[in-house]
Amino acid sequence: MNNMDTEIFDLFTQYEEGMDRAAEVIRQGGLVGFPTETVYGLGADAMNEEAVRSIYIAKGRPSNNPLIVHICDMSQLDILVKDVPKRALELMERFWPGPFTAVLDKRPEVNGTVSGGLNTVAVRMPSNRYASELIRRSGRVIAAPSGNLSGKPSPTTAKHMKDDFMGKIPVILDGGRADVGVESTVCDLRGDVPVILRPGGITAEMIRSAAGSVEISGGVLKKLSEGEKALSPGMLYRHYSPKAEVYVAQGADEADTVKRINDAYDGYERQGRPCVIFCLDGNAGLYRGRNTYPLGKDAGQMASNLFDALRKADEDSMSVVLFEAVSLDGMGLAVMNRIIRAAGFKTI
Ligand code: AMP
Ligand code: MG
């Protein structure tokens, strides 16, 4: 895209100035990079179709992959959706503000660009105070996908956003690190049972305990076969991928996983291809003498560090990333969903 000056505001020291400028840009139909508790977002006025279109263009995002619309209070829900089922409202009240996205029937006034041509719209109320204030100050509902170029790992810091959008958008707000580190849980709330279309910061267990039951859509962990309908179009695309080749190692048991990783690592090393192993802190000792990025002591910490680590692998000129599979409970489901896609479904 064109070369424009990108203004960066550090919200710790330039809060008022940054917020006012960003809100003005949103009202004028421009794009703003801003922090949320999940990842950084690339935002625009959701009800301004031209502005929404420019998000897809800036990211290189396929036009049938819909965006999430962010709101700051319940009154804004009425702008976007009609007839909210009681069960859906209870879940929204339980998990909002937070990393939970509700898919509901959209009002006809909501443009088809933001909804990727679907009759539904995805809505979320973020808990990050900067995100919330930006929505409030702009007086708009803000459509915002993750603020990365399509296909690349999502941004968890303002630096990641600068890497992808410097000179391409007018404003980036720097509000520090995104804590959750992976995107929100996208959940279809139209039926009797909530269906997770994309796992994220609110776990399946949390939804089950609030709703009594939960389903996980088929596209979450496996590749959809030709002709199979994607309930969440984003599941179709190659995603979150660094330049390095990524493989997920899932052995019959832990010893087998470790053996697969060490054998693959040594093979690539012999070919002169620099490798790194992504693992839990406690397992780093199992890969003695080899290059590891310990990502944390549990799946929640792994989620928080994953995208940064994928970008770092490229900065460190790694050719291969070997990822030690984690169990699917809690945040493990979201971590595995992201890494499997980053790997393009390649396993060892
Ligand atoms: P991102 O904006 O990068 O966090 O991606 C948003 C995710 O939400 C993508 O996987 C979309 O496919 C999904 N999504 C957004 N709107 C809808 C919708 N109306 N129905 C189903 N999935 C949606
Ligand atoms: Mg994204």
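Rules used throughout
- The residue numbers shown here count from 1 along each chain, following its written sequence.
- Starting at A for chains and at 1 for ligands, labels are handed out in the order in which the entities are written.
- Two thresholds apply to this predicted model, a pLDDT of at least 70 for residue-level local features and 80 or more for giving and counting side-chain atom pairs, whereas whole-chain, interface and lining totals are computed over all residues.
- Calculation of side-chain values draws on the structure's entire complement of heavy atoms; hydrogens and water are dropped beforehand.
- We define a nonpolar core as any set of buried Ala, Val, Leu, Ile, Met, Phe, Trp, Tyr and Cys residues linked to one another through side-chain atoms lying within 4.5 Å.
- Remark: exposure states derive from per-residue accessible area (1.4 Å probe, protein chains only) relative to the maximum for the residue type, with buried under 20%, exposed over 50%, and partly exposed in between.
- The helix count covers DSSP runs of H or I at least four residues long, the strand count covers runs of E at least two residues long, and both are numbered beginning at the N terminus.
- The contact definition used throughout considers only heavy atoms, calling two residues in contact when any of these lie within 4.5 Å.
- A pair of strands is considered paired only if DSSP assigns at least 2 bridges between the two.
- Working convention: axes come from line fits to C-alpha atoms, limited for helices to the stretch in contact. Angles between N-to-C directions cover 0 to 180 degrees.
- Basic side-chain nitrogens of Lys or Arg form a salt bridge, by our definition, when they fall within 4 Å of a carboxyl oxygen of Asp or Glu.

Draft legend 1. Representation of the nonpolar core. In terms of nonpolar packing, the biggest core is built from 43 residues, with Leu80, Trp96, Phe100 and Leu189 touching the most fellow members. Only strand S3 (41-45), helix H2 (49-59), helix H3 (77-80), helix H4 (86-95), strand S5 (100-105), strand S6 (120-124), helix H6 (158-165) and helix H7 (204-211) provide two or more residues apiece to this core. Tallying contributions element by element places H2 first for this core, with 5 residues. Once you skip the residues sitting within four places of it in the chain, phenylalanine 100 turns out to touch Leu91, Met92, Phe95, Val123, Arg124, Ser184, Thr185, Cys187, Leu189, Ile202 and Ile207.

Draft legend 2. Highlighting unusual backbone geometry. Between tryptophan 96 and proline 97 the backbone carries a cis peptide bond, its omega angle lying at -10 degrees. In this fold, proline 97 is placed in the loop between H4 and S5. Phi is positive for aspartate 83, which is not a glycine, with a value near 40 degrees. Mapped onto the fold, aspartate 83 is located in the loop between H3 and H4. Its relative accessible area of 70% is what places aspartate 83 among the exposed residues.

Draft legend 3. Region of interest: the environment of leucine 173. Within the secondary structure, leucine 173 is located in strand S8 (residues 171-174). Those residues in contact with leucine 173 that sit more than four places away from it in its chain are Phe9, Leu11, Gly18, Met19, Ala22, Val32, Gly33, Phe34, Pro35, Tyr40, Leu134 and Ala158.

Draft legend 4. Summary view of the pairing of strand S15 (residues 320-324). Across the 5 residues that make up S15, a large majority, 5, are buried. Because side chains alternate across S15, one face comprises the buried residues Val320, Leu322 and Glu324, and the other comprises Val321 and Phe323, equally buried. Across 5 bridges, strand S12 (residues 245-249) lies against S15 in parallel orientation. Bridge pairing in S15 places valine 246 opposite valine 321.

Draft legend 5. Representation of the sheet that holds strand S13 (residues 275-279) within the structure. Pairing is parallel in the open sheet, where 4 strands are placed in the order S12-S15-S13-S14. The outermost strands of the open sheet, each flanked by one partner alone, are S12 and strand S14 (292-294). Mean inter-strand twist for the sheet, computed between neighbouring axes without regard to direction, equals 20 degrees. Alignment of S13 against S15, held across 4 bridges, turns out to be parallel.

Draft legend 6. Spotlight on the pattern of salt bridges. Evaluation of the coordinates by the stated rule reveals 25 salt bridges. Salt-bridge contacts for arginine 53 lead to glutamate 50; the nearest nitrogen and oxygen are separated by 3.0 Å. One end of the pair is arginine 53 and the other is glutamate 50, both in helix H2 and 3 residues apart, which spans about a single turn. Accessibility expressed as a relative area gives 35% for arginine 53, which makes it partly exposed. On the basis of relative accessibility, which here comes to 54%, the residue glutamate 50 falls in the exposed class.

Taken by themselves, the reported measurements are silent on function.
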